[in-house]
Amino acid sequence: MNPIQAGSFLTLHYRLCGPDGADIVNTFNDKPATLSLGSGQLSPAIEARLIGLPEGSRTSFELAAGEAFGERNPELLQRVKLTLLRELGDPDEVYSVGDVVQFPGPDGQGGYAGVVREVGEESLLFDFNHPLAGQPVSFEVQVIGVL
């Protein structure tokens, strides 16, 4: 049986749960996932826990607060002027707390998302932290194939 190594191509079922135990991702009732270890599809902390697992194994592990998706960074709370949002996006958009807004990357490639935390008259407060930053998570995995 092939053990998982850095750079392995994997077929697996997995389940990621937040601190409340609710599924964030669960492939067990659908098609298995295929991914390449080290490509950024899973957090480095989760990938590190997969190294050495043999093909056919099934296991679960807990990751402490901040371990899987980093600690919350207060510098990633940013105010964005409504005039700028209207200039760059839909000028008639109405924003509410909890909305997820996509922003273009600085190089025009890719992008990132921010969650509206506060709506003001002239600006919005966005949280650009990963939604699970600073929180414990549970990860369950069944390794189907390793190449």
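The structure reproduced in this document is the subject of the present report.

Procedures and definitions
Residues numbered from 1 in each chain as written. Predicted model: local features only at pLDDT ≥ 70, side-chain atom pairs only at ≥ 80, totals over all residues. Heavy atoms only, no water. 1 Å grid on protein atoms, 1.4 Å probe; cavity = no way out; pocket = protein on both sides within 12 Å on 5 of 7 lines; lining within 4 Å. Points joined across faces, edges and corners; volume = space filled by probe spheres on them. Helix = DSSP H or I, 4+ residues; strand = E, 2+ residues; numbered from the N terminus. Nonpolar A, V, L, I, M, F, W, Y, C, P; charged D, E, K, R; others polar. Salt bridge = Lys/Arg side-chain N within 4 Å of Asp/Glu carboxyl O. Buried < 20%, exposed > 50% of the residue type's maximum accessible area, 1.4 Å probe, protein only. Contact = heavy atoms within 4.5 Å.

## Structural notes on the layout of surface pockets
The space that makes up the largest pocket amounts to roughly 250 Å³. Lining the largest pocket are 13 residues, and of these Leu85, Leu88, Gln102, Phe103 and Pro104 sit closest to its centre. Counting only elements with at least two residues in the lining of the largest pocket, the list comes to strand E5 (77-81), helix H2 (82-88) and strand E6 (100-104). Per-element accounting of the lining of the largest pocket gives the leading share, four residues, to E6. In terms of residue class, the lining of the largest pocket is made up of nine nonpolar, two polar and two charged.

## Observations concerning the pattern of salt bridges
Overall, the coordinates contain seven salt bridges when judged by the stated rule. The residue Glu67 makes a salt bridge to Arg49 at a minimum N-O spacing of 2.9 Å. Residue Glu67 is located in the loop between strand E4 (58-63) and E5, and its partner Arg49 is located in helix H1 (residues 44-50); the two are separated by 18 residues in the primary sequence. You can call Glu67 partly exposed: its relative accessible area is 34%. Of the residues examined, Arg49 reaches a relative accessible area of 33% and is grouped as partly exposed.

## Concerning the environment of Val137
Note on placement: Val137 falls in strand E9 (residues 137-146). In this structure Val137 comes out as buried when scored by relative accessible area, which is 1%. It is 6.9 Å that separates the C-alpha atoms of Val137 and Ala64, two residues lying 73 residues apart in sequence. The residues contacting Val137, other than those within four sequence positions of it, are Leu16, Cys17, Gly18, Phe61, Glu62, Leu63, Ala68, Phe69 and Leu132.

Note that all results are geometric; they support no functional claim without further evidence.
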